[in-house]
Amino acid sequence: MVLAVCPGSFDPPTNGHIDVIERASRHFDRLIVAVLRNPAKAPLFAVEERVTLLKEALVHLSGVEVHSFEGLLVDLARQRGAAVIVKGLRSTSDTGYELQMADINATLLPETDTLFIAASPRWSFVSSSMVKEIARYGGDVTNFVPGHVAAALARHFSPNGDKV
Ligand code: PNS
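A brief look at the structure comes next.

Calculation rules
- Residues numbered from 1 in each chain as written.
- Predicted model: local features only at pLDDT ≥ 70, side-chain atom pairs only at ≥ 80, totals over all residues.
- Heavy atoms only, no water.
- Buried < 20%, exposed > 50% of the residue type's maximum accessible area, 1.4 Å probe, protein only.
- Helix = DSSP H or I, 4+ residues; strand = E, 2+ residues; numbered from the N terminus.
- Near = heavy atom within 4 Å.
- Polar contact = N/O pair within 3.5 Å; in protein donor to acceptor, adjacent residues only side chain to side chain.
- Areas by Shrake-Rupley, 256 points an atom, 1.4 Å probe, with all protein chains shown as cover.
- Nonpolar A, V, L, I, M, F, W, Y, C, P; charged D, E, K, R; others polar.
- Pairing = 2+ DSSP bridges.
- Right-handed = clockwise from strand over helix to strand, strands pointing away.
- Salt bridge = Lys/Arg side-chain N within 4 Å of Asp/Glu carboxyl O.
- Core = buried A, V, L, I, M, F, W, Y, C linked by side-chain atoms within 4.5 Å.
- Axes fitted to C-alpha atoms, helices over the stretch in contact; angles between N-to-C directions.
- Contact = heavy atoms within 4.5 Å.

Considerations on helix H1 (residues 15–25)
A large share of H1 lies buried, amounting to eight of its eleven residues. The complete set of buried residues in H1 reads Asn15, Gly16, Ile18, Asp19, Val20, Ile21, Ala24 and Ser25.

Structure, rendered in structure tokens:
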């Protein structure tokens, strides 16, 4: 049985994330989507909300679980017995950072490999930060995120752009 971990901030999850997770899930018996709780950053959505949003978006996939984690990704991978870390790659601008992380993770935990899935061209320009910026100023994000995520973003921003 091959278990993979797909880590990320998912603040919020986008259609690009969902697409990568859907395609990754075809290649593994179990896929753990691991949502980072990072005490050094102030996310828009609390980690519990991000987990709930992802669970709703991925309910149609069997073998996929969503959990939060804190600390090093390799510690989670080791605890869970993950053979693979799977990440999406959107563009060449992602590559340097992603290869750096893959190299560090491979040094810390050589038995776990990082595999990349090329993002679908349809979503290659979508990022959580841009989605947040559009939503903050009342723009329409429904082309970039699932409907329930768009609704959650709308709840978070008041008409004048302040977090509710
Ligand atoms: O969606 P993101 O923000 O690109 O995800 C980044 C993430 C969560 C994969 C990365 O920050 C991470 O793995 N953080 C956990 C801490 C860690 O293991 N750092 C060492 C690897 S360089």
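Considerations on the site of the ligand
The immediate surroundings of the ligand are formed by Pro7, Gly8, Ser9, Leu36, Phe69, Gly71, Leu72, Leu73, Lys87, Met101 and Asn105. In the model, an oxygen atom of the ligand is placed 2.8 Å from a nitrogen or oxygen of the Leu73 main chain. Coverage of the ligand by the protein chains reaches 75% of its 550 Å² of free accessible surface. Contributions of two or more residues to the shell around the ligand are made by strand S1 (3–8) and helix H4 (92–108). Among the residues making up the shell around the ligand, the classes are represented as six nonpolar, four polar and one charged.

A look at the pairing of strand S4 (residues 84–89)
Of the strand pairs in this sheet, S1 and S4 are connected by two bridges, and their pairing is parallel. Residue pairing across strands places Ala4 opposite Val84, the latter belonging to S4. In this structure, S4 lies alongside strand S5 (residues 113–118), joined through six bridges in parallel fashion. Bridge assignment links Gly88 to a residue of S5, and that residue is Ile117. With H4 bridging S4 and its parallel neighbour S5, the resulting β-α-β unit is right-handed.

Comments concerning the side chain of Asp94
Inspection of the secondary structure puts Asp94 in helix H4. Within polar-contact distance, the side chain of Asp94 engages the backbone nitrogen of Arg90 at 2.9 Å.

Side note on unusual backbone geometry
Trans peptide bonds make up most of the peptide bonds, and negative phi angles are found at most residues other than glycine. Here the residue pair Asp11 and Pro12 is connected by a cis peptide bond, since its omega of 0 degrees sits within 30 degrees of zero. Structurally, Pro12 is set in the loop between S1 and H1. Not every positive phi belongs to a glycine, and Phe10 is a case in point at roughly 50 degrees. Mapped onto the fold, Phe10 is located in the loop between S1 and H1.

Examining the pattern of salt bridges
Applying the stated criterion across every chain, the model contains eight salt bridges. Among the salt bridges present, the one from Arg30 reaches Glu65, with a minimum N-O distance of 2.7 Å. One end of the pair, Arg30, is in strand S2 (residues 30–36); the other, Glu65, is in strand S3 (residues 64–69), and 35 residues separate them in sequence. When its relative accessible area of 25% is taken as the criterion, Arg30 is described as partly exposed. Note that Arg37 is salt-bridged to Glu48, the shortest N-O span being 3.3 Å. A residue pair is termed long-range when its members are at least 10 positions apart, and Arg37 in the loop between S2 and helix H2 (47–57) and Glu48 in helix H2 qualify at eleven residues. Each of Arg37, Glu48 and Glu70 takes part in a single network of salt bridges with overlapping partners.

Quick notes on the nonpolar core
Ranked by size, the top nonpolar core spans 22 residues in total, and within it Ile21, Leu31, Val33, Leu54, Leu58 and Val86 carry the most contacts. Broken down by secondary-structure element, the contributors of at least two residues to this core are S1, H1, S2, H2, S3 and S4. Core analysis: the next-biggest nonpolar cluster, separate from the first, contains 14 residues, Leu53, Trp123, Val141 and Phe157 among them.

Things to note about the sheet that holds S4
What holds strands together in a sheet is hydrogen bonding between their backbones, with the strands either parallel or antiparallel. One open sheet accounts for five strands, arranged S3-S2-S1-S4-S5; its pairing is parallel. Single-partner strands in this sheet number two, and they are S3 and S5. For this sheet, the mean angle separating the axes of adjacent strands, direction not counted, is 30 degrees. In this fold H2 packs onto S2 and S3, with an angle of close to 150 degrees to the strand it touches most, S2. Contacts between H4 and the sheet are confined to S4 and S5, with S4 contributing the most and set at about 175 degrees to the helix.

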